[in-house]
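Analysis of the macromolecular model
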Amino acid sequence: MPTQSDIIQAARFEYGIRPDEARFRGSLLDQLIGEDPLDALVPVESTQARLVELGKLRELRRAMGGDSDAFKKARQRLAVQGAKGAMHSLARMVQNPRGFRERLFAFWLDHFTVSPTRVHEDYMLGAYLEEAIRPHISGRFAELLKAAVSHPSMLYYLDQNASIGPNSVSGQRQERGLNENLAREVLELHTLGVGGPYTQEDVRQFAELLTGLGIGPEGMRFAPNRAEPGAEEILGERYGGARERIEYVYEFLEDLAMMPATARHLARKLVVHFIGPAERPELVAQMAAAYLAANGDLMAFYEVLVADPAAMAANFPKVRPPFEYVATVLRALNFDAETILNASAGDTRKLGQALTAMGQQPFRPDGPDGWPEAAESWITPPQLAARISWVGQTARSYAEDRDPRALMQAVLGDTAPDFLSFAVSGAETKWEGVALLLVSPSVMRR
Amino acid sequence: MALSRRKFLIQSTLLGCSAAASPLLTPITLAAAPGDNRLVVIILRGAMDGLGVVRPYGDAAYARYRPTLAADSEMQDLDGFFALNSALKDLMPLWRAKELSFVQAVSTPYRDKRSHFDGQDLLETGSNDASGAPKSGQSGWLNRALGLLPDARQETAFSVGTARMLLLGGPQPYSSWSPGADLSMSPQTEALLARIYAEDPLFSSSAEMAMELSAKADSMGGGRAGNAKTLAAFAAARLNEDTRIASFSIGGWDTHNGQKRNLARALKQLSEAILALKSGLGANWQRTTVMAVTEFGRTARENGSGGTDHGTGGAMVMAGGALNGGHVFGQWPGLGELDLYQNRDLEPTDDLRRYLGWALRDLFGMEASALGATVFPGLDMGDNVGIIA
């Protein structure tokens, strides 16, 4: 039976208890160190390989036309591959004993939200997850920032690929110009925060600095003939010079990563995500100071966060968002990665519909600010109805013979409130008892 | 009134919990609905380009600022100065019937950071804080307005769709449901569920409403959530019953890129929603006002990629039989470089909250002084804007 601290840790920092799993031996921080065996779960096609595939698709459209069967078939193949990304992530969440690692991955993916709407963006998403985000969640934030901001997925999503310096060679020839979308969101969402020390003029200047950054046939490509000539002054410093180079962009992102406003913004987001909405200025200040002293190493944030008494407090002000909740339920029912990866197209579609009804179409947040954090955002009456309905169907299909009392012991140990024991034991059938357990606040909250 | 089966189960203390402490026991009265007027508030998320919707083609600068976007051979002339984006041409019969109006060059007090998220929060909380800094626990202005309706009860206001609407959030009860949502279980499970949620108000209040509304779901019309037309048809069905205020969102307005196509797509959703409300409401359309508002407008000049970036002054779209239709309200500031806000955005010449406030006053008899004090604290209501017929 899990101990109380296992259960609190699994609730706040992981995806709940999986009864048939040997719990990870070591601290939360140990989960972040070294290789992750789950990385070998599925071979992931690289950004480069995917761009080559997309290039072939464009070639096919040129040769055969957009209405040809050959083109449609090829595009469909890429769309199917794109959809697999969500199930791959879910399989990792369910299977990984290093749950904190998966939770941090989800946190940083949300921080650097992309929300694909077209087939080519959708197809690229899996490479973004595995190359821009996952390798960087416990290193220097500057590396994560540079990787995310310069990845084709982000360049598509926030229109950077369409932004051209108005006085650049290309801008003059095509009469094209700036698009300030990426510049604004990097300052507002990814680094300084909306209350941070930047102005509209800084957004503009940064947008000029970013010109040239675009997508080539094999990856991010910096095209000097699209870059606005000359240096830009952002937040009081000058970047760039005579020859346009991507290094100037990286230099500014490095500086941004080390600004105190960025440190505070990131610390505050981590606290709100893992602990709760209450203002904790001291914890935020402590985390920010540790991060800056450690040259922007994300591990410094995590060390302070998990050592705070609030980290192991037995009150849970947050509610798991739907995708996270689904993973928690599937773990409680001992699902494994293989079952999820081999799910039929029909089951995959049904799960997507259920998640949408719960308010979270996976990997499709409404805007670049990602998913809401507030508990109230996830438990509106129709959303709660969708959670209860999905759990009912899942329990009926997969837990018809599970003893709900034993399951409650296995996932909640001694922490189950008396009224929950009463309700779970009082259900008319086993699967209804299991469903009641899994829709209880003890499982939904964290 | 007859007790519902579920309430009976709980009240019969089958579960042994204290009835007085149970948040599942909010009383529901059957008083008459507060008046016959109806208000629908649509939040257009992502910043609608007001200049691309209600086009100031009579201003010489317009075509100059928008070399590719200004051209629209099918745009519909409104008054010799403004023309309607052709993607809304299905609404022109409403314009001619004086059931469609616009407001140009308005905004909330939000300025300068041009963040969607703070801008939307401010639009929904009705706050007076130009910085838009979000404060936790803020209620929505429409929720506070419900507090001024003497006979308001849970069904009076309806949030339509799965997502939470901050606009309606707050202490006053309101309903929330989505087309396509469903919840069914055995009476025993229902009772046990109520017990599990009894000590967690967030869960118990939502579960109670889910059970209540799911039971009525058949009469509320089916269809899936997700497109604005379905949400509007659902809202209309509610408004034909006891609901008087309904709200939902339409997204897709953040047109940094390829605006021609993307704005047309979002406008189509809005147009279909308004027409679905009209057809669903039947005779009640004559007592209805629809107000579609957005967090801010977009840049006067098109950007380098056939789109527009975040701006300040924007437009409102209004429809309904109760409306003083056939007008483009608002004071036009002009598009000259010195007329623009920061030589970039349409200068807002009025606060859009005044339009919302006067609509509440004219439709529901709320006092202007109370509106300025509680619903939109700090707002000077000024003279009646005259949007209700």
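To keep things clear, this report deals only with the structure shown in the data block. Please read these numbers as outputs of a predicted model, since none were measured by experiment.

1. Description of the overall build of chain B
The helix and strand tally for chain B stands at 12 helices and 12 strands. Evaluated residue by residue, chain B yields a buried proportion of 56% over its 389 residues. For chain B, the proportion of contacts with a sequence separation of at least 24, taken over those separated by at least 6, is 73%.

2. Observations regarding the pairing of strand 2 (residues 219-222) of chain A
Two elements, strand 1 (residues 213-216) of chain A and strand 2 of chain A, share four bridges in a ladder whose sense is antiparallel. If you follow Gly214 of chain A over to strand 2 of chain A, its bridge partner there is Arg221 of chain A.

3. Quick notes on helix 18 (residues 381-398) of chain A
For helix 18 of chain A, built from 18 residues, the straight-helix expectation of 26 Å at 1.5 Å per residue is met to within 8% by its first-to-last C-alpha distance of 26 Å. Taking burial as the measure, the 18 residues of helix 18 of chain A include 14 buried ones, the bulk of the element.

4. Some words on the sheet that holds strand 4 (residues 83-84) of chain B
Residue and element names in this part refer to chain B. Here three strands make up an open sheet; going across it, the order is 2-4-3 and the pairing antiparallel. Of all the strands in the sheet, just strand 2 (54-55) and strand 3 (76-77) have a single pairing partner and so form its edges. Alignment of strand 3 against strand 4, held across two bridges, turns out to be antiparallel. Paired with Asp77 across the bridge in strand 4 is Ala83.

5. As for the interface of chain A and chain B
Facing 46 residues of chain A, the contacting portion of chain B comprises 46 residues. No other element matches the nine residues that helix 18 of chain A contributes to the side of chain A that touches chain B. The class makeup of the residues in the side of chain A that touches chain B is 21 nonpolar, 15 polar and 10 charged.

6. Comments concerning the nonpolar core
Ile133, Ala148, Ala267, Met287, Phe301, Leu436 and Leu438 of chain A are the most contacted members of the largest nonpolar core, which has 142 residues in total. A per-element tally of this core places helix 5 (residues 119-133) of chain A first, with eight residues. Setting aside residues up to four positions removed in sequence, Ala267 of chain A forms contacts with Val284, Met287, Ala288, Tyr291 and Phe301 of chain A. Core analysis: the next-biggest nonpolar cluster, separate from the first, contains 95 residues, Val290, Met316, Leu371 and Leu379 of chain B among them.

7. Some points on the environment of Ala273 of chain B
All names here are of chain B. Mapping Ala273 onto the fold places it in helix 10 (residues 259-281). Since 26 C-beta atoms lie within 10 Å of it, Ala273 is described here as buried. Considered as a pair, Ala273 and Ala292 are 19 residues apart in the sequence and their alpha carbons are 11 Å apart. Excluding residues that lie within four positions of it along the chain, Ala273 makes contacts with Ile42, Ala228, Lys229, Leu231, Ala232 and Ile250.

Calculation criteria
Residues numbered from 1 in each chain as written. Chains lettered and ligands numbered in written order. Predicted model: local features only at pLDDT ≥ 70, side-chain atom pairs only at ≥ 80, totals over all residues. Helix = DSSP H or I, 4+ residues; strand = E, 2+ residues; numbered from the N terminus. Buried ≥ 20, exposed ≤ 12 C-beta atoms within 10 Å, placed from the backbone. Contact = placed C-beta atoms within 7 Å. Pairing = 2+ DSSP bridges. Expected span 1.5 Å × (residues − 1). Nonpolar A, V, L, I, M, F, W, Y, C, P; charged D, E, K, R; others polar. Core = buried A, V, L, I, M, F, W, Y, C linked by C-beta atoms within 7 Å.

Honestly, it's all geometry; don't read function into it.
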